Structures are given as C-alpha cells and as structure tokens.
Amino acid sequence: HDSFGDVGACLTELYLNGNELTTIPDGLCGKLAGLRTFNLAHNKIGDSEDATPNDDGGGDEVMEDADPVRAALPGDFLERFGGPDPVTGLCAGEEGCTVRLEGNPLTEHLKRRHVEEQKRMAKEAAMEAESTS
C-alpha cells in the first residue's frame, strides 16, 4: 500500500469486491484520502482462524472475539469510516463516502447476531404482553 503515492489523493473509487481479502492493511485509509466509493464486499474480511463451528451442528462459524469489528478492521479504517451496519454491511462514518463490506464473514456474523437479538427482544415483548393480559 506504500505504492499509492500521490494517486491516493486523486483516487475516488476503489473496487476490491469479490476477492479473497482477509484484512485491510493498517494505514491504508490515510493514504486514500480522496475515496468516495470503497467496495470491499464479498471478501473474507473477519474470517478468523479462531472461529469454531456452531453448537447447532450447522457448520456456520462463530467469531470468538468479543468485539469482532475491532478484531477485523484496523483503527484508521474505523476512525474514518466507522463500523459496518449489521443489516446492510455499509459503513457510514464519512459523509459522502460509500464503503461496502456486505458478504464478508465479519458482516455475516454481525447480521446473525443482530437477527438473534431482534428475535430475543420480540420473544421478551410477547412474554411481557402475555403476562399483563
């Protein structure tokens, strides 16, 4: 990533989607100051070696880290773009810049965790409504 030189300030779109990228190099985001579109969708970002199969036998992997976003994304990325939305996989930290991370193990994990939390909250609400009627 040191080879960007002056191009990093002029580069407005970078499409790295559909590869097998597992990490984003620390410091890369500072070198790409002109980015307005950064597509990292459908890679392997967040594909942790520490992942273990679910207990349900489904074979899906679960990230063991308590904060998978900080484990998978470098600090300069998070500072500039923020973490991915659990439903869409979009990072909305920098106004006017679209960063796509959907389809990566990280965002799939966040989406599953979000859906599980929504189900849990709906179940609690139903139980609460049932107990008050």
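Scroll up to find the structure.
Residues numbered from 1 in each chain as written. Predicted model: local features only at pLDDT ≥ 70, side-chain atom pairs only at ≥ 80, totals over all residues. Heavy atoms only, no water.

**Q** Explain the nonpolar core to me, please; I cannot follow it from the model alone.
**A** In terms of nonpolar packing, the biggest core is built from 21 residues, with Phe-38, Leu-73, Phe-77 and Phe-81 touching the most fellow members. Residue assignment for this core shows that the elements contributing at least two residues are α2 (28–31), α3 (68–72), α4 (75–81) and α5 (105–132). Here the element with the most residues in this core is α4; it accounts for three residues. Beyond its immediate sequence surroundings of up to four residues, Leu-73 is in contact with Ile-24, Ile-45, Leu-78, Pro-84, Leu-101 and Leu-106. (Core = buried A, V, L, I, M, F, W, Y, C linked by side-chain atoms within 4.5 Å. Buried < 20%, exposed > 50% of the residue type's maximum accessible area, 1.4 Å probe, protein only. Helix = DSSP H or I, 4+ residues; strand = E, 2+ residues; numbered from the N terminus. Contact = heavy atoms within 4.5 Å.)

**Q** When you look at the sheet that holds strand β6 (residues 98–100) in this model, what are you seeing that I'm missing?
**A** Two strands in a sheet stick together by hydrogen bonds in their backbones, pointing the same way (parallel) or opposite ways (antiparallel). Strand order in the open sheet made by the four strands is β1-β2-β6-β5, with mixed pairing throughout. The outermost strands of the open sheet, each flanked by one partner alone, are β1 (13–15) and β5 (90–91). Looking at chain direction, β1 and strand β2 (residues 37–39) are connected through three bridges and run parallel. Of the residues in β2, the one forming a bridge with Glu-13 is Thr-37. (Pairing = 2+ DSSP bridges.)

**Q** Any chance you could explain the packing of aromatic side chains here in plain terms?
**A** What characterises a pair of aromatic rings is the spacing of the ring centres plus the angle enclosed by the ring planes. Inspection of the entire model under this criterion finds three aromatic pairs. What links up through ring pairs into an aromatic cluster is the set Phe-38, Phe-77 and Phe-81. (Phe/Tyr/Trp six-rings, centres within 6.5 Å; stacked < 30°, edge-to-face > 60°.)

**Q** What is the right way to look at empty space enclosed by the protein in this model?
**A** Where empty space is left can be seen by rolling a probe of water-molecule size over the atoms. Applying the stated rule across the entire model yields one cavity of 30 Å³ or more. Reported here for the largest cavity is a volume of approximately 30 Å³. Taken together, Asp-85, Pro-86, Val-87, Thr-88, Gly-89, Glu-102, Gly-103, Thr-107, Glu-108 and Lys-111 form the lining of the largest cavity. Grouping the amino acids of the lining of the largest cavity by side-chain chemistry returns two nonpolar, four polar and four charged. (1 Å grid on protein atoms, 1.4 Å probe; cavity = no way out; pocket = protein on both sides within 12 Å on 5 of 7 lines; lining within 4 Å. Points joined across faces, edges and corners; volume = space filled by probe spheres on them. Nonpolar A, V, L, I, M, F, W, Y, C, P; charged D, E, K, R; others polar.)

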